[in-house]
Amino acid sequence: MPPLSTSVAGADPDALADVARSEASLRRFLHGLPGVDQVGVEARASDLGTRSIKTTAKAFAIDLAISMIDLTTLEGMDTHGKVKALCAKGIRPDPTDSSVPKVAAICVYNDLVGVAKKALRGSGVHVAAVATAFPSGRASRAVKLADTADAVSAGADEVDMVIDRGAFLSGHYTAVFDEIVAVRAACGEGRGRSHLKVILETGELQTYDNVRRASWLAMLAGADFIKTSTGKIAPAATPPVTLIMLEAVRDFREATGRQVGVKPAGGIRTTKDAIKNLVMVSEIAGDDWLDPAYFRIGASSVLNDLLMQRTKLTAGRYSGPDYFTLD
Amino acid sequence: MAGKPLLSKPVLSKHWEYAPAPESRSVVSLLPSYGLFIDGAFVDGGAGSGSFKTINPATEEVLTEVVEASSADVDRAVAAARKAYTRTWSKMSGRERGKYLFRIARLVQERARELAVAETLDNGKPIKESRDVDLPLVAAHFFHYAGWADKLAYAGFGPNPASLGVCAQVIPWNFPLLMLAWKIAPALAAGNTVVLKPAETTPLTALLFAEICQQADLPPGVVNIITGAGATGQALVEHPGIDKVAFTGSTEVGKAIARAVAGTDKKVTLELGGKAANIVFDDAPMDQAIEGIVRGVFFNQGHVCCAGTRLLVQESVADDVVKALKRRLKTLRLGDPMDKNTDIGAINSAVQLGRIRAMTDIGEAEGAERWSPKCDLPARGFWYPPTVFTGVTQAHRIAREEIFGPVLSVLTFRTPKEALEKANNTPYGLSAGVWTDKGSRILWMSQHLRAGVVWANTFNQFDPASPFGGYKESGYGREGGRHGLEAYLHG
């Protein structure tokens, strides 16, 4: 892992250590975070969306975006064949061009981790498993922890958990906090620990204030990544939501020195969408986050659009969708 | 804390430099020189006229040459406007006038890209702003007042409000085409004819607008555009054939105009300088407040009369706000105004750059602490980096006088009452901003702030339906919306 930026001036790893000591203190802290003005944050996101990324900057962004993709299939009809095909795509996104970087991870349901793990062996592409009764999270703590342990034992490098939105919306912040802590513990210990991405499901949290609070809650509880959505609820990763989460990880590092990653998932379909996300990363959180270790894009269809735009840049013309594989 | 490496090493270097993304200049074709637009045609200057060049402030290259109109030219333009007023425009039905204004609005939209490029070349403002702010607002103003033209009886100024006659309109260089729209659209809707003088450093879009008037088949003489400097403007506002003077610009010139028209029948509206307070309370939505501060003072290089040049921040959060502000300013992109990613463009003229330098030197000499992000200024053209002064008090000149550049003075306060007192403690009163999550405080502040516009949790928002204008030395009269019609009508 790239060095944690403990060198951030003024950062104190223990600064927020006792925030979660009681329901009252946790609530005080989360509700004491500065509010988010809806009009203002939407205007800022849309303003950053007008950045014009051309030529060399675009080429850089396309390759960076590809290397940040968590290529995802989360369907009831997923099969071994489907997962194997996706893994092949992730390792070598464009069969005709070996200079295309591989994706960051393949994201699958729990029971298919083993299949993906085998297909990806030696490639450096990670396996991410959704766990904790994804996508609703409506199961007992014991079931969620068993789900997590299952994914970890099957070899998942990364675990994408969902928070208990019901508990969050009813103000039971410590319940959400404790569950994240428990799932993190189930991810293992030490160097071999699976990384924990915490899905906030911002489409259900509804307000931007809630997005900011849930982001901090997840980071305080030990999330390695905060992730917008399951992809099963609309709206998913809207630009203002991702922007608020990028502000949160930026501010959290400033306070504690620990750098947490961000993963928008769902709704990112075009190269333009992906580049707009990278512009936000660069201008809100900073270039330290322009790294697959700290920013991921959860998507499936965006990869082919990125490949098409990449070919356009190198060949000078567009080719049709049939020149890229459907997996 | 550390788990297994997410990826053994970053695939790519982390530094992402945006490549140049210049807007095409070829969408504008400029003539080597332009005449005066009088009575529906471009004509040469008459006896006593001169000429001057207008330059691109980002490169100092000459764009075109224009006429410096003499008082004889002013006579001609006023006579043409009078003739058009008495013979055509004042007799035309509101619906017909509206038809022309709608036509102009559509032509502005059709030629928006060309006009935006011309504005950026002549003014130095970033293309992103002329494209996304100036031009959409120009079209919106014409559409708005086009709609009023046949509804004047319902505007609240009596059952049969009458037009005034010939209007002299003198506009500044900060929003050349937008200020033209603010002046011409309501005047024409109300049934007046106009003689307009654009600023000497930014005549270009007004001349292109004259072409649009021709394209729209506007009856000759309804709009006349004369170019020139201070003397031309003075001859225009002092002309006896004028019924109404509308001026936007400095308080100094505004006072001279008020003196010149005193004792005459001329109606006057003045939109002058400002020294707006942008007030940030400790419960403000902080990230958006930072954006609002940036937009408030660095928008259009601070060449904005309603710019939030005095940041009043509650002392308990002052350090955090200044820290976050500095972090944000480091991401601003200063440079070629034609680049679509440029946030801060060029200062409009060498004269204005000199004023900004003089005022900031005074700020430093008076003991305020000056800070700018590291940024490379282009070698040619007129440039000034975004600048923040901390440790400023009410007694500093940089907290009292209008600088009209990208310079922010940071002051602190302890209580809402103190914020209000400091905000109002200025000879100006054009605008103010309030940042707080508390609705009741927004209402209380806006009731007591002596400023024509108060923005709550936002800044520098403009809409043709919303009146704009000042208290005290910021001028009188309102522009925009129903209120803006009053300046051009007899009740």
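Conventions adopted
Residues numbered from 1 in each chain as written. Chains lettered and ligands numbered in written order. Predicted model: local features only at pLDDT ≥ 70, side-chain atom pairs only at ≥ 80, totals over all residues. Core = buried A, V, L, I, M, F, W, Y, C linked by C-beta atoms within 7 Å. Buried ≥ 20, exposed ≤ 12 C-beta atoms within 10 Å, placed from the backbone. Contact = placed C-beta atoms within 7 Å. Axes fitted to C-alpha atoms, helices over the stretch in contact; angles between N-to-C directions. Helix = DSSP H or I, 4+ residues; strand = E, 2+ residues; numbered from the N terminus. Left-handed = near helix turned anticlockwise from the far one by under 90°. Pairing = 2+ DSSP bridges. Nonpolar A, V, L, I, M, F, W, Y, C, P; charged D, E, K, R; others polar.

Q: Would you mind going over the nonpolar core with me for this structure?
A: As a rule of thumb, nonpolar side chains are buried together in soluble globular proteins. Ala65(A), Ile106(A), Ala116(A), Val198(A) and Ala218(A) are the most contacted members of the largest nonpolar core, which has 106 residues in total. For Ala65(A), the residues in contact, after removing those within four places along its chain, are Ala274(A), Leu278(A), Ile297(A) and Leu306(A). Membership of the second largest hydrophobic core comes to 91 residues, among which are Leu121(B), Leu135(B), Ile184(B) and Val237(B).

Q: Would you explain the packing of helix 4 (residues 80-91) of chain A against helix 5 (residues 113-120) of chain A in this entry?
A: Angle between the axes and distance between the axes are the two parameters that describe a pair of packed helices. All names here are of chain A. Where helix 4 contacts helix 5, the two axes come as close as 9 Å, and the packing angle between them is 35 degrees. Like other packed secondary-structure pairs, helix 4 and helix 5 cross with a definite hand, here right-handed. Along the contact surface, helix 4 presents His80, Val83, Lys84, Cys87 and Ile91, while helix 5 presents Val115, Ala116, Ala119 and Leu120.

Q: What is the right way to look at the sheet that holds strand 1 (residues 33-34) of chain B in this model?
A: Strand pairing in a sheet is mediated by backbone hydrogen bonds. Such pairs are either parallel or antiparallel. Residues and elements named next belong to chain B. As summarised here, the arrangement of the 3 strands in space is 1-5-4, forming an open sheet in which the pairing is mixed. Each end of this open sheet is capped by a strand with a single partner; those strands are strand 1 and strand 4 (50-55). Where strand 4 lies against strand 5 (residues 62-68), 6 bridges are found, and the strand directions are antiparallel. Looking across to strand 5, one finds that Ile55 is bridged to Val62.

Q: Got a minute to help me understand the interface of chain B and chain A in this structure?
A: By a widespread convention, an interface's size corresponds to the accessible area lost as its parts come together. Contact residues are listed per partner, giving 32 residues for chain B and 39 residues for chain A. Of all the secondary structure elements, the ones that give two or more residues to the side of chain B that touches chain A are helix 4 (127-148) and helix 9 (286-298) of chain B. Among the elements that make up the side of chain B that touches chain A, the one with the highest residue count is helix 9 of chain B (5 residues). Considered class by class, the residues forming the side of chain B that touches chain A number 14 nonpolar, 9 polar and 9 charged.

Q: Which parts of the structure should I look at to understand the sheet that holds strand 1 (residues 69-72) of chain A?
A: Residue and element names in this part refer to chain A. The strand order 7-6-5-4-3-2-1-8 describes an open sheet built from 8 strands, whose pairing is parallel. The strands lining the two open edges of the sheet, one partner per strand, are strand 7 (261-263) and strand 8 (297-299). Within the sheet, the average angular offset between the axes of one strand and its neighbour, ignoring direction, is 25 degrees. In this structure, strand 2 (residues 105-109) lies alongside strand 3 (residues 126-130), joined through 5 bridges in parallel fashion.

Q: Sorry if this is basic, but what is going on with unusual backbone geometry here?
A: Residues apart from glycine generally show negative phi values, whereas peptide bonds are mostly found in trans. Residue Pro135(A) follows Phe134(A) across a cis peptide bond; omega there is 0 degrees. The linkage connecting Ala234(A) with the following residue, Pro235(A), adopts the cis geometry, with an omega of -5 degrees. Here Pro235(A) shows up in the loop between strand 6 (225-227) and helix 11 (239-256). Unlike most non-glycine residues, Glu60(B) shows phi in positive territory, near 70 degrees. Within the secondary structure, Glu60(B) is located in the loop between strand 4 and strand 5. Judged by the 12 C-beta atoms lying within 10 Å of it, Glu60(B) is exposed. Look at Asn460(B): it is not a glycine, yet its phi comes out positive at around 55 degrees.

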